Each structure stands twice: as structure tokens, then as C-alpha cells.
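# Coordinates in review
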Amino acid sequence: CRGMDFSRLVDLTRPMCPGQPKFPTDPDMEIHSLTAAGPDSFEVLSYRLAGPWGTHVDAPGHAVPGGRTLAEIPPAELIMPLAVIPLTGAPSLTAAGIRAWERAHGQVPAGGFVALHTGWTDHNSPGTPGWALDAVELLHARGVRAIGHDTLNTDPGALTALGEYPAQRFWLSRDHWQVEFLTNLDQVPATGATMWVSWPVPAGGSSFPTRALALLP
């Protein structure tokens, strides 16, 4: 990495801890100390958590039986152009909203990552914004590889409160993946940055905590 300017990296990952916002039916994270660091020992901690914990990735298999697992998403998919679309004063980002953004910034990049920046803090509220179904349909047609958002769900809270997930099911069922609960999107420009995403490879896993970074232009 000689010559790389790491001051241009923005960490889009939230620290993991017990008690943080989560999907309502998921158990809380637990951390237990097995051994402590010392002259004759090393610190070993035991972690218990649901796969979709904190900033996490959802593979197609999260919604589709037989869909790709995290292990089946190749490294070549994990570095891509990043576009950030803000949403304020509306319950969802629609296809019309994406087209309005494109008139100002150019078409979203095929093979890229598109992040929705809502700035929302009440992540489990019925008022939480999200993606409209026609928005993810448009991104699929544009050839976008993956999406992300700073909320806990792809769909608006008004739908998830009813147990309805049309945007998420559409997106994952088209063999795309997504990253949820991103942060610091306000530090990333609308276009020009590069998204880097990585995660461990759990056997058969479809959701797992991830590290997401943006390299600024």
C-alpha cells in the first residue's frame, strides 16, 4: 500500500456492543471473558450474537432458500464505486428520487455500491425511512451490485412494522447483497469514492458483521 493516503479513508462501520440498536426479535449481544491477559495467559473473549448484528452484510441466502451465502460472494465483488444518495423529509427513496439525484450527479455506477443516507437515529421506529420497491428495481436495472443504508432495515419502518419487506426481498432475490446499519455517510461525497467491504466467511452464513470503508477521491 505504498503511496496510499489513509487519511482519505472513512470508516462506515459502527462498533459492536451489547445494548446497541438491533432488529427487535434478535437476542442481544453477550461477551464473556474466558481468560485474561497476563504473564502466563492471553486474553480470550467469547462472543454470542445474531448474524445480522451491528453493521452487517446480508447475502442473497438471507431471504432466498438456496441463494448465495457469504462464502459464495467472491472478493472481486467487495471493492466497487460508491454513490451516496441522501433522503430528507420523505418516508422512502423512490425511483423518481434516484432519477432526480442522477440529473445532478450522473447515472449510478453499474457494478457499484449505492448507499442511502437518511441520518435517522430512531432506527426501530415505524417512521424510519428506507428504500421504495421501485427504487431498488431501478438500481437492479442499472446493474448496481450492492446497496447499503444507515438504518436497520431496507424497507421503511411503516412496512417492517407490518412484517412486510418488499424492497429487501426483491433486492436479495436478484442475487444482490446489502450492508445495513452504516454510519458516517455524511463524510462521503455523492460520487467519486470507492467502497471496500469485508467479512469473515462463516460456513453457510447469510448475515454477519462486516467492516465497511470508503476511500475518498
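Residues numbered from 1 in each chain as written. Predicted model: local features only at pLDDT ≥ 70, side-chain atom pairs only at ≥ 80, totals over all residues. Heavy atoms only, no water.

### Here we look at the overall build of the protein
What counts is decided by this rule: A run of H or I in DSSP counts as a helix once it spans at least four residues, and a run of E counts as a strand once it spans at least two, with each numbered from the N terminus. Radius of gyration here uses only the C-alpha atoms, and the compact-globule reference equals 2.2 Å multiplied by the residue count raised to the power 0.38. Burial here depends on accessible area, computed with a 1.4 Å probe over protein chains only, as a share of the maximum for the residue type. Under 20% is buried, over 50% is exposed, and the range in between is partly exposed. Residues are treated as being in contact if the distance between any of their heavy atoms lies within 4.5 Å. Calculation of accessible area relied on Shrake-Rupley with a 1.4 Å probe; when residues are assessed, cover is drawn exclusively from the protein chains displayed. Positive residues here are Lys and Arg, negative ones are Asp and Glu, while His and the chain termini are left out of the count. For this purpose, a charge sits on NZ of Lys, CZ of Arg, CG of Asp or CD of Glu.
Check the secondary structure of the protein and you find 4 helices and 13 strands. Computed over C-alpha atoms, the radius of gyration of the protein comes to 18 Å, within 12% of the 17 Å expected from 2.2 N^0.38 for 217 residues, which places it in the range of a compact globule. Overall, the C-alpha framework of the protein stretches about 65 × 50 × 35 Å when taken along its three principal axes. For the protein, buried positions account for 45% of its 217 residues. The long-range fraction of contacts in the protein, counting pairs at least 24 apart against all pairs at least 6 apart in sequence, stands at 74%. Split by element, the accessible area of the protein, about 10,400 Å² in all, is 57% carbon and sulfur. Positive and negative side-chain charges of the protein, numbering 13 and 20 respectively, have mean locations separated by a distance of 7 Å.

### Some words on the environment of Ser198
The topology assignment puts Ser198 in strand β11 (residues 193–198). Between the C-alpha atom of Ser198 and that of Leu78, which follows or precedes it by 120 residues, the distance is 6.7 Å.

### Some words on unusual backbone geometry
In this model, Phe181 sits at a positive phi of 65 degrees, which is unusual for a non-glycine residue. Within the element layout of this structure, Phe181 appears in the loop between β10 (177–180) and β11. Notably, Asn184 is not glycine yet its phi reads approximately 65 degrees, a positive angle. Inspection of the secondary structure puts Asn184 in the loop between β10 and β11. Given the relative accessible area of 26%, Asn184 is considered partly exposed.

### Focus on the nonpolar core
For clarity, the cut-off: We call a set of buried Ala, Val, Leu, Ile, Met, Phe, Trp, Tyr and Cys residues a nonpolar core when their side-chain atoms join them within 4.5 Å.
Membership of the largest hydrophobic core comes to 24 residues, with the highest contact counts inside it found for Leu12, Leu82, Phe113, Trp177, Leu182 and Met195. Of all the elements in the fold, those that place two or more residues in this core are β5 (79–86), β7 (113–117), β10, β11 and β13 (211–215). The contact partners of Leu182, leaving out residues within four places of it in the chain, are Leu12, Arg14, Thr55, Phe113, Ala115, Gly148, His149, Asp150, Met195 and Ala212. With 22 residues, the next largest nonpolar core counts Ile85, Val108, Val114 and Trp131 among its residues.

### A word on the sheet that holds β7
We count it as follows: Strands are labelled as partners when DSSP assigns at least two bridges between them. Lines are fitted to the C-alpha atoms to define the axes, a helix being fitted only along its stretch in contact, and any angle between axes, read from their N-to-C directions, falls within 0 to 180 degrees.
Spatial strand order, β1-β13-β11-β5-β7-β9-β10-β4-β12: 9 strands in an open sheet with mixed pairing. Each edge of the sheet is formed by a strand with only one pairing partner; in this case those strands are β1 (9–11) and β12 (207–209). Shown here is a sheet whose adjacent strand axes are inclined to one another by a mean of 25 degrees, direction ignored. Taken together, the 5 bridges between β11 and β13 define a ladder with antiparallel strand orientation. For Ser198, the partnering residue across the bridge sits in β13 and is Arg211.

### A word on the packing of aromatic side chains
Convention followed: Aromatic pairing here means that ring centres of Phe, Tyr or Trp (its six-membered ring) are within 6.5 Å. Orientation follows from the plane angle: under 30 degrees is stacked, over 60 is edge-to-face, and everything else is tilted.
The tally for this structure, following the rule as stated, stands at 2 aromatic pairs. Here a set of aromatic residues connected by ring pairs shows up, and it is made of Phe113, Trp177 and Trp199.

### With respect to the pattern of salt bridges
Between side chains of opposite charge, a pair can form when the charged atoms approach closely. Test applied: A pair is scored as a salt bridge if a Lys or Arg side-chain nitrogen falls within 4 Å of a carboxyl oxygen belonging to Asp or Glu.
For the structure shown, the criterion picks out 4 salt bridges. A salt bridge links Glu102 to Arg142; its shortest N-O distance comes to 2.8 Å. Separated by 40 residues along the polypeptide, Glu102 in helix α1 (residues 95–105) and Arg142 in the loop between α2 (133–141) and β9 (146–149) bring together distant segments of the chain.

### Description of the packing of α2 against helix α4 (residues 166–173)
Filter applied, for reference: Between 65 and 115 degrees an angle is taken as roughly perpendicular, under 35 as roughly parallel, over 145 as roughly antiparallel, and anywhere else as oblique. Left-handed describes a crossing whose near helix is turned anticlockwise from the far helix through less than a right angle; right-handed describes the clockwise counterpart. In this classification, Asp, Glu, Lys and Arg are treated as charged, Ala, Val, Leu, Ile, Met, Phe, Trp, Tyr, Cys and Pro as nonpolar, and every other residue, Gly included, as polar.
As a packed pair, α2 and α4 sit with axes 8 Å apart at the nearest point and diverge in direction by 15 degrees. Here α4 runs roughly parallel to α2, going by the angle between their axes. In the crossing of α2 with α4, the sense of the turn from one axis to the other is right-handed. Facing Leu133, Val136, Glu137, Leu139 and His140 of α2, the residues of α4 in contact are Pro166, Ala167, Phe170 and Trp171. For the contact of α2 with α4, the per-class residue count stands at 7 nonpolar, 1 polar and 1 charged.

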